[in-house]
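One-letter residues, chain by chain:
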Amino acid sequence: MTESRTITLPTEDHGSVTLPEPTWCVGHADHRPDTYRADILHKGPDVTLTFRAAEVITACLAQSPFATPGTPSLGGRTVGVSVYPPGRTLAPVGLYELASFLDSYADRLRDLADQLTSILAGGEGQ
Ligand SMILES: [Zn+2]
């Protein structure tokens, strides 16, 4: 049984706002009372690709339950996955597409490593 929970957050334009808190949300510890209601953001844990202490790409579940209708790729009332870079919110199809592009990119990196190995061994490209 899942128990629905709510949170109450102070806002600049609507006073205290009580809303359902999704189970995947990490909470609102960084919420500021001068936030507008439309800017309330549920956010899941970051899924980050870090290489040698540098962040390459990060993604997380995100939802702005009071967002005004706008550009869906910039987030909104529908739960999506926020990806940075490029700073877009993706639906499942877009996420699968991104994963496919990353697979292809990994192959290109391996090709580049093969080429570099050959060059350093005195082969092609010297
Ligand atoms: Zn939340």
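Further up the page is the structure itself.
Let me sum up the structure you'll find in this document. (Residues numbered from 1 in each chain as written. Predicted model: local features only at pLDDT ≥ 70, side-chain atom pairs only at ≥ 80, totals over all residues. Heavy atoms only, no water.)

## Considering the overall build of the chain
Applicable threshold: Secondary structure is summarised from DSSP: a helix means a run of H or I of at least four residues, a strand means a run of E of at least two, and numbering begins at the N terminus for each. Restricting the calculation to C-alpha atoms gives the radius of gyration, and the globule rule supplies 2.2 Å times the number of residues raised to the power 0.38. Exposed residues in this analysis have more than 50% of their type's maximum accessible area, buried residues have under 20%, and partly exposed residues fall in between, with area computed by a 1.4 Å probe over protein chains only. We call two residues in contact when some of their heavy atoms are within 4.5 Å. We treat Lys and Arg as the positive residues and Asp and Glu as the negative residues; His and chain ends play no part in the count. Charge positions come from single atoms, namely NZ of Lys, CZ of Arg, CG of Asp or CD of Glu.
Across its full length, the chain carries 1 helix and 7 strands. Across the chain, helices and strands are ordered from the amino to the carboxyl terminus as β-β-β-β-β-β-β-α. For the chain, whose C-alpha radius of gyration is 21 Å, the value lies well above the compact-globule estimate of 14 Å for 126 residues. Projected onto the principal axes, the alpha-carbon positions of the chain cover approximately 70 × 35 × 30 Å. For the chain, buried positions account for 22% of its 126 residues. When contacts within the chain are restricted to residue pairs at least 6 apart in sequence, those whose partners lie at least 24 apart make up 20%. Between the averaged position of the 9 positive side-chain charges in the chain and that of its 15 negative side-chain charges there is a distance of 3 Å.

## Describing the coordination of the zinc ion
Rule in force here: Sites may look incomplete, because water is not among the atoms used; the donor set itself consists of N, O and S atoms within 2.8 Å of the metal (3.2 Å for Na, K and Ca). Labels for metal geometry use angle windows, namely 85 to 135 degrees for all angles of a four-donor tetrahedral site, and for square planar (four donors) or octahedral (six donors) sites opposite donors over 155 degrees apart plus all others within 65 to 115; sites meeting none of these are irregular.
Each protein donor to the zinc ion is listed here as Glu 21 (OE), Cys 25 (SG), His 28 (NE2) and His 42 (ND1); together their distances run 2.0 to 2.2 Å. Taken together, the 4 donor atoms surrounding the zinc ion define angles of 89 to 121 degrees at the centre, an arrangement classified as tetrahedral.

## Things to note about helix α1 (residues 92-120)
What counts is decided by this rule: Each residue after the first adds 1.5 Å to the expected span of a helix.
Its 29 residues place the ends of α1 42 Å apart at the C-alpha level, agreeing with the 42 Å of an ideal helix rising 1.5 Å per residue. Where α1 ends, the next residue or the one after it, Gly 122, has phi of about 90 degrees, a positive value.

## Examining the nonpolar core
The criterion, for reference: Only buried residues count toward a nonpolar core, which is a set of Ala, Val, Leu, Ile, Met, Phe, Trp, Tyr and Cys residues joined through side-chain atoms within 4.5 Å.
In terms of nonpolar packing, the biggest core is built from 5 residues, these being Ile 7, Leu 9, Val 17, Leu 19 and Ile 40. Of all the secondary-structure elements, those providing two or more residues to this core are β1 (5-11) and β2 (15-21). Look past the residues within four positions of Ile 7 in its chain and what remains in contact with it is Val 17, Thr 18, Leu 19, Glu 21, His 28 and His 42.

## What about the pattern of salt bridges?
Quick note on the threshold: A carboxyl oxygen of Asp or Glu within 4 Å of a side-chain nitrogen of Lys or Arg is what we treat as a salt bridge.
Counting across every chain of the model gives 3 salt bridges. Between Asp 34 and Arg 32 there is a salt bridge whose closest N-O contact spans 2.6 Å. In this structure Asp 34 comes out as partly exposed when scored by relative accessible area, which is 38%. Ionic pairing is found between Asp 46 and Lys 43, a salt bridge with its closest N-O pair at 2.8 Å.

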